[in-house]
Amino acid sequence: FAESILGWSRADIAGAPDGPALPETVQFYLRDYGETLKPKYALRDSNQEDSEWLLLIDELPGTQDFDTPIATGVRSWQASPQARLERLLHETKVPVGLLVNQQAIRLVYAPRGESSGFLTFRVPEMTQVAGRPLFAALDMLLGVDRLFNVEKKEQLPAILASSRKYQNVVSTKLAGQV
């Protein structure tokens, strides 16, 4: 999907077959639980030397729910995949992530020190004629052009950061009116 639909290159996807290895810098050890949070994949622009990670991706089996807590062992952290990814994003300072299963793709924005937000694209809805705008939105946000072929200020992480700043301005102005 990432290659054929979104146009990503395997060379940009750490952890993918024929891609670079997943580095330890995108992992975080939870000392209290004796477990390591790590994504299945990480996306970086291989055209830029020493580029930052654009996003971290966790792929869940089957139709596993994003919001239902899971436990991986006796002492493990019983948190949902959403909470786990948010914690990983905060700790690695990579603000953007994806949760993926066979039914949905969730774009997560969790900048360190701020509250998180997400947008879920459901696959069954995007495969219907009426879902074309949803699929187009997914492609516009995660496609190769938005991630790699535009100026840095127009790439997805910059757009999300700018949107967050604008939301804060609007919230402050609305609070002043109340």
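Residues numbered from 1 in each chain as written. Predicted model: local features only at pLDDT ≥ 70, side-chain atom pairs only at ≥ 80, totals over all residues. Heavy atoms only, no water.

Draft legend 1. Seen up close, the overall build of the protein. Of the regular secondary structure elements, the protein holds five helices and eight strands. Secondary structure of the protein in N-to-C order comes out as β-β-β-β-β-α-β-β-β-α-α-α-α. Against the compact-globule benchmark of 16 Å for 178 residues, the protein has a radius of gyration of 17 Å, which places it among compact chains. Across its three principal axes, the protein shows a C-alpha extent of roughly 50 × 45 × 40 Å. Looking at the protein as a whole, 34% of its 178 residues qualify as buried. Considering only intrachain contacts with a sequence separation of at least 6, the fraction spanning at least 24 residues in the protein is 46%. Summing over all exposed atoms, the protein offers an accessible surface of approximately 10,600 Å²; the carbon and sulfur share of this is 51%. In the protein, 19 side chains carry a positive charge and 22 a negative one; their mean positions are 5 Å apart. (Helix = DSSP H or I, 4+ residues; strand = E, 2+ residues; numbered from the N terminus. Rg over C-alpha atoms; globule rule 2.2 N^0.38 Å. Buried < 20%, exposed > 50% of the residue type's maximum accessible area, 1.4 Å probe, protein only. Contact = heavy atoms within 4.5 Å. Areas by Shrake-Rupley, 256 points an atom, 1.4 Å probe, with all protein chains shown as cover. Lys, Arg positive; Asp, Glu negative; His and termini not counted. Charge placed at Lys NZ, Arg CZ, Asp CG, Glu CD.)

Draft legend 2. Spotlight on helix α5 (residues 156-177). Here α5 contains 22 residues, and its C-alpha end-to-end distance of 32 Å stays within 8% of the 32 Å for a straight helix at 1.5 Å per residue. Of the positions making up α5, those classed as buried are L156, L160 and R164. Buried residues along α5 cover an arc of 85 degrees about the axis, so they all sit on one side. Turned more than 90 degrees from where α5 packs its buried face, K165, Y166, T172, K173, G176 and Q177 sit exposed. (Expected span 1.5 Å × (residues − 1). Arc of directions from axis to C-beta.)

Draft legend 3. Structural view of a nonpolar patch on the surface. Residues F1, I5 and F135 make up a contiguous nonpolar surface patch of about 270 Å² in total accessible area. Within the secondary structure, F1 sits in the segment before β1 (13-14). (Patch = residues over 30% accessible without salt bridge, like charges linked within 9 Å, V, L, I, M, F, W, Y side chains within 5 Å. Salt bridge = Lys/Arg side-chain N within 4 Å of Asp/Glu carboxyl O.)

Draft legend 4. Quick look at the layout of surface pockets. In this model, the largest pocket occupies a volume close to 490 Å³. Forming the boundary of the largest pocket are 22 residues, of which F1, A2, Y41, E59 and V100 lie nearest the centre. Going through the elements one at a time, β5 (53-59), β6 (96-100), β7 (104-109), α2 (123-126) and α3 (132-142) are the ones with two or more residues in the lining of the largest pocket. The class makeup of the residues in the lining of the largest pocket is 17 nonpolar, two polar and three charged. (1 Å grid on protein atoms, 1.4 Å probe; cavity = no way out; pocket = protein on both sides within 12 Å on 5 of 7 lines; lining within 4 Å. Points joined across faces, edges and corners; volume = space filled by probe spheres on them. Nonpolar A, V, L, I, M, F, W, Y, C, P; charged D, E, K, R; others polar.)

Draft legend 5. Local environment of the sheet that holds strand β4 (residues 41-44). Read from one edge to the other, the open sheet built from six strands follows the order β1-β4-β5-β6-β7-β8, with strand pairing classed as mixed. Because the sheet does not close on itself, it has two edges, and the strands there are β1 and β8 (117-122). In this sheet, β6 lies alongside β5 in parallel orientation, the contact comprising four bridges. Pairing of L56 across the sheet is with G97, part of β6. Helix-sheet contacts for helix α1 (residues 81-92) involve β5, β6, β7 and β8, and the interaxial angle to β6 is about 155 degrees. (Pairing = 2+ DSSP bridges. Axes fitted to C-alpha atoms, helices over the stretch in contact; angles between N-to-C directions.)

Draft legend 6. Expanded view of the pairing of β7. Of all the six residues making up β7, six are buried; the element is thus mostly covered by neighbouring parts of the structure. The side-chain alternation of β7 yields two buried faces, one formed by A104, R106 and V108 and the other by I105, L107 and Y109. For β7 and β8, the ladder comprises six bridges, and the chain directions are antiparallel. Counted as the bridge partner of A104 is R122 from β8.

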